[in-house]
Amino acid sequence: MPYQANPTSIIHEAETGMFEATVSVESALGITHHVVHVPGPISMPFEALRPALIRNAIDQHKAGRFITRKAPIESPGVIAYRNLFSGPNLLDKFFGRAA
């Protein structure tokens, strides 16, 4: 399953030597937000830090641990199809047959 991830609010805690970030992970199931921690010095390059943050967030996503979750928004076509075809057959309703 493909993922898209975006780390934001990256801070470095000098006492613990850890980076902390909020990472949004988008998949077919929706968008989840994770708080992740990665050890490293303040001089750690962003090119090395970003993949570590994303990998940590995806691991949490797969394990079902997140702070917030937003279900995917359905398109108007999907909603219309569900409303039209989820009930009894229209011909059955017209001819008065039981569903």
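Keep in mind that what you see is a predicted model, and the values were worked out from it rather than measured.

## A word on the pairing of strand β2 (residues 18-27)
Link 1 in the chain: Note that strand β1 (residues 4-13) and β2 share eight bridges and pair antiparallel. Each bridged residue has a counterpart across the sheet, and for Ala5 the counterpart in β2 is Val25.
Link 2 in the chain: Count of turn residues in the β1/β2 antiparallel hairpin: four residues, of which Gly17 carries a positive phi of about 70 degrees.
Link 3 in the chain: For β2 and strand β3 (residues 30-39), the ladder comprises ten bridges, and the chain directions are antiparallel. Bridged to Thr22 within β3 is Val35.

## Section: helix α1 (residues 46-63)
Link 1 in the chain: When the terminal C-alpha atoms of α1 are compared, their 26 Å separation across 18 residues agrees well with the 26 Å that a helix rising 1.5 Å per residue should span.
Link 2 in the chain: What α1 keeps buried is the set Leu49, Ala52, Leu53, Ile54, Ala57, Ile58, Gln60 and His61.
Link 3 in the chain: For α1, the secondary structure elements touched by its buried residues are β1, β2 and β3.
Link 4 in the chain: A positive phi of about 85 degrees marks Gly64, the residue just after α1.

About the thresholds
Residues numbered from 1 in each chain as written. Predicted model: local features only at pLDDT ≥ 70, side-chain atom pairs only at ≥ 80, totals over all residues. Heavy atoms only, no water. Pairing = 2+ DSSP bridges. Helix = DSSP H or I, 4+ residues; strand = E, 2+ residues; numbered from the N terminus. Expected span 1.5 Å × (residues − 1). Buried < 20%, exposed > 50% of the residue type's maximum accessible area, 1.4 Å probe, protein only. Contact = heavy atoms within 4.5 Å.

As far as function goes, none of this settles anything; it's purely spatial.
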